[in-house]
Structures are given as structure tokens and as C-alpha cells.
Amino acid sequence: MIRLIGYFFGIGTALALLAAAGVWIVIGNITKDLPDYEVLSKYEPPVTTRVHASDGALMGEFARQRRLYLPIQAVPDRVKAAFLSAEDKNFYKHPGIDIQGLIRAVVNNIQTGGRQGASTITQQVAKNFLLSKDQTIERKIREAILSFRIEQAFSKDRILELYLNEIFFGLNAYGVAGAALTYFDKSVNELTVSEAAYLAALPKGPSNYHPFRNTERAIERRNWVIDQMVENGYVSREEGDRAKAEPLGVKPRRSGSYLFAGEYFTEEVRREIISRYGENALYEGGLSVRTTLDPNMQRIARKAMQNGLVKYDTLRGFRGPVKSIDIGSDWGVALGEVKALEDVPEWRLAVVLESSANGLSIGLQPRREVSGALSAERETGTVALDDMSFAMRYMVNGERVRAKSPADVLKPGDVVFVEQKEGTAYQLRQVPAVSGGLVAMDPHTGRVLAMVGGFSFSQSEFNRATQAMRQPGSSFKPIVYAAALDNGYTPASVIMDGPITITSGNTTWSPKNYDGKPAGPSTLRAGIERSRNLMTVRLANDMGMKIVAEYAERFGVYDKLAPYLPMALGSGETTVMRMVTAYSVMANGGLQIKPSLIDRIQDRYGKTVYKHDERACEGCVAAEWSDQPEPELVDNADQVLDPMTAYQITSMMEGVVQRGTATTLRELNRPMAGKTGTTNDYKDAWFVGFTPNLVVGLYVGFDQPQTLGTGTTGGGLSAPIFKEFMAEALKDTPPVEFQVPEGMTLIAINRKTGMRAQEGEADTIMEAFKPGTGPADSYWVIGMDGGGTTGGDLSPSASRAIETGGGGLY
């Protein structure tokens, strides 16, 4: 018997050894090509890039995976407790695999027939970061081995940090910080017990616990997590019961642009970041972008531009409804499918329910619930005849017709835009067919403070402030006159404003003034103030277009300007941004600037990778104060215009406001300079103006250039928009005078002759002269001897520009 027992023991031992060897061989084969878990130490997940305004307000977020990386120290204890209770309550006790939890899950599955999982947080990290999601025994073995190794290499807090930042929560949200924002529009520090429990419930199956499609299951799972938190001692029974009694309270955070009126600006920043660093950096790099945008100024700019466009458009009558729908038994459903203007919240879509001689009865587009579904509530209102008076002139086959009744204009089923006046009373609105762009800039730094790219970003994403190439017309003339002042002319120089014909080969060109009449000999100041075309062409021809082209390129209006005379009247195409940059040079005393929408960019670790301000300040980083002189910022910008010339042209453009083509701006009662611009056939209306610390430029015109209407000028259409903007933007800012550079002499001259005025003489003005210059001792007119016909710089391309509307009018 003893020998028999020994025999069986030997066989058993041999079999055990063989089994152990087999297991060892199998495990060896499985683990020989295990992923390197050390990569977890270099974990850099895709992180959301966030764009902020100058005051820190969030403008937009860009991400393929909406994730914000959060160190474990920044995760509140209640949030950690929720996830530990939901996923791995023994996390801080087990070595990577929870044997007790595994046994408990097996027993539960046998008893209930369910499929309760037993993967620890460490195992989930191993699976999510290093392995596939295949449901095989081999993968589970590899997962277990990796879990042991990860536990030996990293602290528990680091493992939990990896887990909380990697997991998927649904709605394109990754990581607990991203999920808190996506589901509740809160930071993790603001989450309640109920909210933290719901987020902890999601990783098991986000679609299974969708807050709107599977609300009951979501609440059931959330409550289970809360019960686990109570059982594990993280919250009291009373607190748990209160949390379970709360609704889910999900408020999805919208993506895209967040700052009101900042859509065009945000999109321009997005394009710039892609241009600088590529798409991956934008959508995965976790950049922090601080822009130059002033939110208050942006709102003012948007409102002024929209008011100007709407005013122009309504004077041209009504073009018809947005579309027509079948009002049937429930007009709200059909109306809900019509696209509204999301960035013009003052306006709502409405359907005409009844049209009579007294006005309209309307049904308003149903609002959207938090879930995105249309509200079942149906709102109605009225539009009185007086509140749709502009529509009583409407278009029929291209002809404007006067209606006798609102019923002639709109019928039941027609969809229109309306704006609330009071209660259920509404005013009829119409999206303008005309558009335009506006830029406001700090002339000393080039920081773009506000930018409007059109009436509505929802309607058109094309940015007319930076992308639209338009002829600036007469708003280009200050560059011509600045070039002249920098090359020997003075504001008192007299130029012949008379008929002139430019011939070049077989091509001739005879420009005209806006009123069609020559003004005769006039000073440079008068030429700018009254926007004289004839003397501007004669001046450019006298000094040479190559000089004009050089200054236009130096100011940044063009990269390369063809040196042909029609270009002196603004027939070359450029953008609002470039024109505002050029005027900034004149406003800041002649320093070249680089326009910028971005102040600085930081990477995901907070390191500054870009800074717009390149001014040097050596003393700013002193280790201690030792009575040394205060540090000074050294501006290393290039001087592209004589500061004295800059003041002279600024003073002349002040005359445009005081006596010239923009006298409407005098009502602002502050030092201000600027220039109007109107292109041939009245296709574009410009105004660019400035104070010592703010430059604003804009144009109004159709996207497909066509006439704005005879008599529509920059002074009549664009200057009032500029005026509305400046009145509001500067209302709390005291007036600032333009500073006369040291060394200049102010001399009283006769406005007409440009000669020194005698004491008591009428019609005089104080003019600024550079050292060594002054008014002429005798009356001399430049261009008087040249007659009306002269050779000049024309080209076939310049001639085409003239024929198609090139050149300034007013």
C-alpha cells in the first residue's frame, strides 16, 4: 500500500510538473510580445484646444476628442469616490487584480445568469492603452500580467489619473473633465453627488445610459452607483437619498463658438492656428490661445454693422419670404425644420397664419428642448401694418411694386423673420442682401480688437473683413498724399484740379471728380477733404507711381502694386484688414505694425510657444529692486513713415471730418481723422477712420459686386456705421488729442492759395510744417504748365480695372 501510494504520488508530481511546464510555456508564448507598459509614463492623449478672448472669456473649443487633461490632485474626492464605487471599490488594496471581486462576480453570474464584470481599474488601463478589446482568454491573461507590471511601475494615483483622463463617456467626451463640461457645462469641482454618480455610470456603456434616449436606465444605473457610494462610506444615507431623488439634470454643452458675436473672429483664429501648426495641433494639441478680442467692442461692432446693413436693405423694399410651408394641422413641425440664424438671437422665424389689411397673425418657430427635440408649445403673435411698412414695397419680376395690403405681400404658409417688440407684438425683418466687413485695431500694437465678417456667420462663413478682395476707392488716397508729403510736398502745396487725359500707346483715360466738375488749383489738404480725383491723379503722375506703389507696399495695403495711375484712385483690390493696418501706420506716428488676432499661445504644459508682442524689456526680469531706473519697453518696429508726415496726413484727414466728406462725425465731439471711399458705379462704400488709440475701417457692398444705388457714398452709408460704433465704444473714454511731433511749426495759411495768411485774414487754417519747410512765398500751381493731356502709366490690366469700375469716386 505504501509503495502504491508512493507510485501514485510520483505520477501526480510528474503530471503537476508537466502541467506547470505547459502553463509556463503557454504564458511565455502569450507574454513574449507584450506591449511596453513604460509608454504610459509618456502618455499625451488628444486634448481640446481652447480659445479665449482678451478678458479670458471662452470663445471656442476645437477637438476630435473633447478632453481636458486633469491631474489627479485636481480631481475632487467625491468624483474619485463615485468612480471607485462604480468600477473598483478595492482599487487601493489589490495588486492589479481583485481576487475577491472576481469570485464575487463569478458567484453572482452563476446565481443570476448575468454578466457582471470583474475588471479592475488597472486592468481597464491595460486594456484601453495597450491591448485590443477582443473577448478572448489569451487577451485576459495578457491583461492580468500587464496589470501586475503596471502596479509595480506606477503609483495608484497615477493609474487612476490615467483612467479618469482616458475613458469615453459618450457625446464625444473623453476624460472626466471633458465629460463634466459636456454633460453639465460644469467643472469637476462643481459636480454634485448625483452628477458625479451619473458620470461614473457612463463608462460601462455610454449609449445604454444616454440621458435622453434611455433616461430611466440612466437613472437606475446612477442610483446604483449612489448606493455603492453609501455602502462604501463615501456619503451618508441621507445624502444618498437626496441625490437619488434628483433628476439627471443633463445640460449638454454646445460645441463651436461660445462668445456671442465672436464667430467670425473665432473662425479666423482657427485658420491661423492650422496655418501655423497644422490640424493635429489644433484638434489634439491642447493649446491655450489668448486672443486680442475685446468682447464688449465686438458686440458693439456687430450691432453697428447689422444696423447699417438692415437700414440700407429695408429702404430697398421686401424681397419675399424665406420659404413657404404647409401649415396643416401642426405648423410647428414644418417650421422647426427651417434653418434659423443662430447668431442673430434677436430674430426668430415665424410662419404667416393669416394675412389681412391690418397686418399678420404669425406662429413662431418652436424652441428646442435641452435634448434637442422641438418643444410641444406653440407660440403665436402679430405683426402690425406699421411694423412691416418697408415690405409694402416689394419685388415682382425684378420690379419694385407698392402693395395695397399685407395680403398682397405675404400669404398663409410664408416663412419670415421677425423681431419681438413687446409681448406678442413683432416687427417684420429681412436678412440683408448687401453685406460688408469691419475691423477695429489698436494702432500701436496691431491687436485686432473687433472684427465683423458679415451680417451673420450662420448665413455665410465667408469673412469679408479678411477674405473679400475689394477696391478701396478714395480711401486709398491718404497713402498717395502721405507719399507726397514724405517726398517734398506740404499740406499747403497747390495742385491743379483740372481735366486731365492720360495716354499710353493706344490707351487713354480721363478721370473725373465725383460731381463731374474740376475745382481748379487746390491745396493738398483740400484735395483730401473734398476727395478730388483729378488732382490726385495729377499728383501721382507728378511724383511717379513707383513711389506710390512703394508706400502702398510699405504700409501693407498690397504685397505688390502695379505702378499704373488708376491705382492712385484705389482700383487695386485689397482687404479691410490691410486698409486698417495701413491707417494704423499713420495713426501711430509711422511705425510698421503686424496685425494680430492672437496675443499668445501656450502648449498643453503651459509653455508659451508664441507671443505677438516682440518689444524688448531687459529690466523687466530683474531679480530684485536696487533703485535702478524703471524698465522701458523698447519698440523695435521699423519706421516706415516720417512721424512728421504721419501727423500732417492725420491733420489733413481731421479736415475730412470737420469740413469734408464725413462731417456727420463732428457730432462725436472728439479728435478724429478718416477718409471716405466710393468706387465707380457705387459698388462699394468705405470709411476708415481713427482716434490716437483706435483705428476702425469698414466697407459695405454686395458679394457679387453691383451698384448700391446712385448717390450711395462712403460718407452716407459707411461713415454712419463707423459713427455708431465709435459713439458706443468710446463713450467712457475721454477725448485724446493728436500729438504734434517736436520740431514742427504751425503756420496760418490761406486755404485757397496755400500761402502764409496775413493777420486777420479770413478763410485761414493752421498748417503743420516740417523744419526747413513752410508755405510758398509766391503762388505756384503744380500741373498748371502740363496742360490737360500727358503721358502716364497705363496698362491693359489697369484699363480693364477702369472699365469694370476701378478707381475712387468720393
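Report follows, based on the coordinates. Everything numeric in this text was worked out from a predicted model, so none of it was measured. (Residues numbered from 1 in each chain as written. Predicted model: local features only at pLDDT ≥ 70, side-chain atom pairs only at ≥ 80, totals over all residues. Heavy atoms only, no water.)

**Comments concerning the overall build of the protein chain**
Okay, step 1: From N to C terminus, the protein chain includes 23 helices and 29 strands.
Okay, step 2: Computed over the C-alpha atoms, the radius of gyration of the protein chain is 36 Å, more than 25% above the 28 Å expected from 2.2 N^0.38 for a compact globule of 810 residues.
Okay, step 3: Taken along the three principal axes of its C-alpha coordinates, the protein chain extends 145 × 80 × 55 Å.
Okay, step 4: Among the 810 residues that make up the protein chain, the fraction classed as buried is 52%. (Helix = DSSP H or I, 4+ residues; strand = E, 2+ residues; numbered from the N terminus. Rg over C-alpha atoms; globule rule 2.2 N^0.38 Å. Buried < 20%, exposed > 50% of the residue type's maximum accessible area, 1.4 Å probe, protein only.)

**Some details on empty space enclosed by the protein**
Okay, step 1: One pass over the full model with this rule turns up one cavity of 30 Å³ or more.
Okay, step 2: Here the largest cavity is characterised by a volume of approximately 90 Å³.
Okay, step 3: What lines the largest cavity is a set of 13 residues, among which Ala261, Glu263, Tyr264, Arg302 and Asp343 lie closest to the centre.
Okay, step 4: For the lining of the largest cavity, the secondary structure elements donating two or more residues are helix H11 (263–277), helix H13 (295–314) and strand S16 (448–452).
Okay, step 5: The element contributing the most residues to the lining of the largest cavity is H13, with three residues. (1 Å grid on protein atoms, 1.4 Å probe; cavity = no way out; pocket = protein on both sides within 12 Å on 5 of 7 lines; lining within 4 Å. Points joined across faces, edges and corners; volume = space filled by probe spheres on them.)

**Observations concerning the side chain of glutamine 602**
Okay, step 1: Here glutamine 602 is to be found in strand S21 (residues 598–602).
Okay, step 2: Of the polar contacts made by the side chain of glutamine 602, one reaches the side chain of arginine 600; its length is 3.3 Å. (Polar contact = N/O pair within 3.5 Å; in protein donor to acceptor, adjacent residues only side chain to side chain.)

**Describing the packing of aromatic side chains**
The geometry of two aromatic rings is summed up by the distance between their centres and the angle between their planes.
Okay, step 1: Here the structure, examined in full by the defined rule, presents 20 aromatic pairs.
Okay, step 2: With 6.4 Å between their ring centres and 85° between their planes, phenylalanine 62 and tyrosine 283 make a pair best called edge-to-face. On the criterion of sequence distance, the pair formed by phenylalanine 62 in strand S2 (residues 58–62) and tyrosine 283 in helix H12 (residues 279–284) is long-range, its members being 221 residues apart.
Okay, step 3: By relative accessible area, which is 18% here, tyrosine 283 ends up buried.
Okay, step 4: Among the aromatic residues, those joined into a cluster by ring pairs are Tyr43, Tyr69 and Phe129.
Okay, step 5: Its end group placed over the ring of tyrosine 610, arginine 276 keeps NZ or CZ at 4.0 Å from the ring centre.
Okay, step 6: The side chain of arginine 554 reaches across the aromatic face of tyrosine 551, ending 4.3 Å from its centre. (Phe/Tyr/Trp six-rings, centres within 6.5 Å; stacked < 30°, edge-to-face > 60°. Lys NZ or Arg CZ within 6 Å of the ring centre and 35° of its normal.)

**Details of helix H8 (residues 193–201)**
Okay, step 1: Of all nine residues in H8, nine are buried; the element is thus mostly enclosed.
Okay, step 2: Within the span of H8, buried status applies to Val193, Ser194, Glu195, Ala196, Ala197, Tyr198, Leu199, Ala200 and Ala201.
Okay, step 3: Residues of H8 that are buried make contact with helix H2 (77–87), strand S3 (168–170), helix H7 (175–184), helix H9 (215–231) and helix H10 (237–245). (Contact = heavy atoms within 4.5 Å.)

**Here we look at the pattern of salt bridges**
When charged atoms on two side chains of opposite charge get close, those side chains can pair.
Okay, step 1: By the definition in use, this model includes 37 salt bridges.
Okay, step 2: Its salt-bridge partner being arginine 302, residue glutamate 346 comes within 2.9 Å of it at the nearest N-O pair. Remark: arginine 302 occurs in helix H13 and glutamate 346 occurs in the loop between helix H14 (331–336) and strand S8 (347–356); sequence separation between them is 44 residues.
Okay, step 3: When its relative accessible area of 29% is taken as the criterion, glutamate 346 is described as partly exposed.
Okay, step 4: Across the pair lysine 411 and aspartate 414 runs a salt bridge whose closest N-O atoms are separated by 3.2 Å.
Okay, step 5: By relative accessible area, lysine 411 is classed as partly exposed at 49%.
Okay, step 6: When its relative accessible area of 2% is taken as the criterion, aspartate 414 is described as buried. (Salt bridge = Lys/Arg side-chain N within 4 Å of Asp/Glu carboxyl O.)

**With respect to the sheet that holds strand S25 (residues 694–701)**
Okay, step 1: Across the sheet, which stays open at both edges, the five strands sit in the order S16-S15-S25-S24-S23 with antiparallel pairing between neighbours. The two strands at the open ends of the sheet, each matched to only one other strand, are S16 and strand S23 (673–678). Going across the sheet, the axis of each strand differs from the next one's by a mean of 5°, ignoring polarity.
Okay, step 2: Where strand S15 (residues 435–441) and S25 come together, seven bridges link them in antiparallel fashion. Bridge pairing in S25 places alanine 440 opposite valine 696. (Pairing = 2+ DSSP bridges. Axes fitted to C-alpha atoms, helices over the stretch in contact; angles between N-to-C directions.)

**Considerations on the pairing of S21**
Okay, step 1: Of all five residues that make up S21, four are buried, and the element is covered over most of its length.
Okay, step 2: As defined by bridge partners, S21 adjoins strand S22 (residues 608–611) across three bridges and the pair is classed as antiparallel. Considered in S22, the bridge of arginine 600 is made with lysine 611.
Okay, step 3: A loop of five residues connects S21 with S22, the two strands running antiparallel in sequence, and glycine 606 in this loop sits at a positive phi of about 90°.

**Some points on the side chain of threonine 691**
Okay, step 1: Relative to the assigned elements, threonine 691 resides in strand S24 (residues 684–691).
Okay, step 2: Non-local contacts of threonine 691, meaning those with residues more than four positions away in its chain, are made with Ala587, Arg670, Pro671, Met672, Met726, Leu730 and Phe738.

**Regarding the sheet that holds strand S20 (residues 520–523)**
Okay, step 1: Pairing is mixed across the open sheet formed by three strands, whose spatial order is S20-S17-S28. Edge positions in the open sheet fall to S20 and strand S28 (781–782), since each of these has one partner strand only.
Okay, step 2: Sheet topology note: the strand S17 (residues 494–497)/S20 ladder contains four bridges and is antiparallel. In the strand pairing of S20, isoleucine 495 is matched with serine 522.
Okay, step 3: In the packing of helix H18 (residues 533–543) onto the sheet, the strands contacted are S17, S20 and S28, and the crossing angle to S17 comes to about 120°.

**A short note on the packing of helix H4 (residues 121–130) against helix H6 (residues 156–166)**
Okay, step 1: Close contact between H4 and H6 brings their axes to 9 Å; oriented N to C, the two are set at 55°. Regarding the angle of H4 to H6, the classification is oblique. When you trace H4 past H6, the crossing you get is left-handed. Contacts between H4 and H6 involve Ile121, Thr122, Gln124, Val125, Asn128 and Phe129 on the former and, on the latter, Ile159, Leu160, Leu162, Tyr163 and Glu166.
Okay, step 2: When grouped by side-chain class, the residues that make up the contact of H4 with H6 number seven nonpolar, three polar and one charged. (Parallel < 35°, antiparallel > 145°, perpendicular 65-115°, else oblique. Left-handed = near helix turned anticlockwise from the far one by under 90°. Nonpolar A, V, L, I, M, F, W, Y, C, P; charged D, E, K, R; others polar.)

**Quick notes on the nonpolar core**
Okay, step 1: With 134 residues, the main nonpolar core has Phe555 and Phe725 as its most contacted residues.
Okay, step 2: Broken down by element, the residue count for this core peaks at nine residues, all from helix H20 (residues 576–587).
Okay, step 3: In contact with phenylalanine 555, not counting residues within four places along its chain, are Ile479, Ala482, Thr581, Ala582, Val585, Met586, Val640 and Leu641.
Okay, step 4: Leu191, Tyr198, Ala201 and Leu202 belong to the second-largest nonpolar core, a separate cluster that totals 56 residues. (Core = buried A, V, L, I, M, F, W, Y, C linked by side-chain atoms within 4.5 Å.)

**What to know about the pairing of strand S6 (residues 288–291)**
Okay, step 1: Residues Val289 and Thr291 point to one face of S6 and are all buried, whereas Ser288 and Arg290, pointing to the other face, are not buried.
Okay, step 2: One ladder, built from three bridges, connects strand S1 (residues 49–52) with S6; its direction is parallel. Bridged to arginine 50 within S6 is serine 288.
Okay, step 3: Judged from the four bridges that link them, S6 and S21 form a sheet pairing that is antiparallel. Residue arginine 290 lies in a different strand from S21, and its bridge partner there is arginine 600.

**Some details on a nonpolar patch on the surface**
Okay, step 1: Residues Val740, Leu746 and Met766 make up a contiguous nonpolar surface patch of roughly 260 Å² in combined accessible area.
Okay, step 2: In this fold, leucine 746 is placed in strand S26 (residues 745–750). (Patch = residues over 30% accessible without salt bridge, like charges linked within 9 Å, V, L, I, M, F, W, Y side chains within 5 Å. Areas by Shrake-Rupley, 256 points an atom, 1.4 Å probe, with all protein chains shown as cover.)

**Observations regarding the environment of lysine 675**
Okay, step 1: Looking at the element boundaries, lysine 675 is found in strand S23.
Okay, step 2: For the pair formed by lysine 675 and alanine 719, sequence separation is 44 residues and the distance between their alpha carbons is 9.0 Å.
Okay, step 3: Of note is the side chain of lysine 675, whose polar atom sits 2.9 Å from the side chain of serine 531.
Okay, step 4: A distance of 3.4 Å separates the side chain of lysine 675 from the side chain of threonine 676, its partner in a polar contact.

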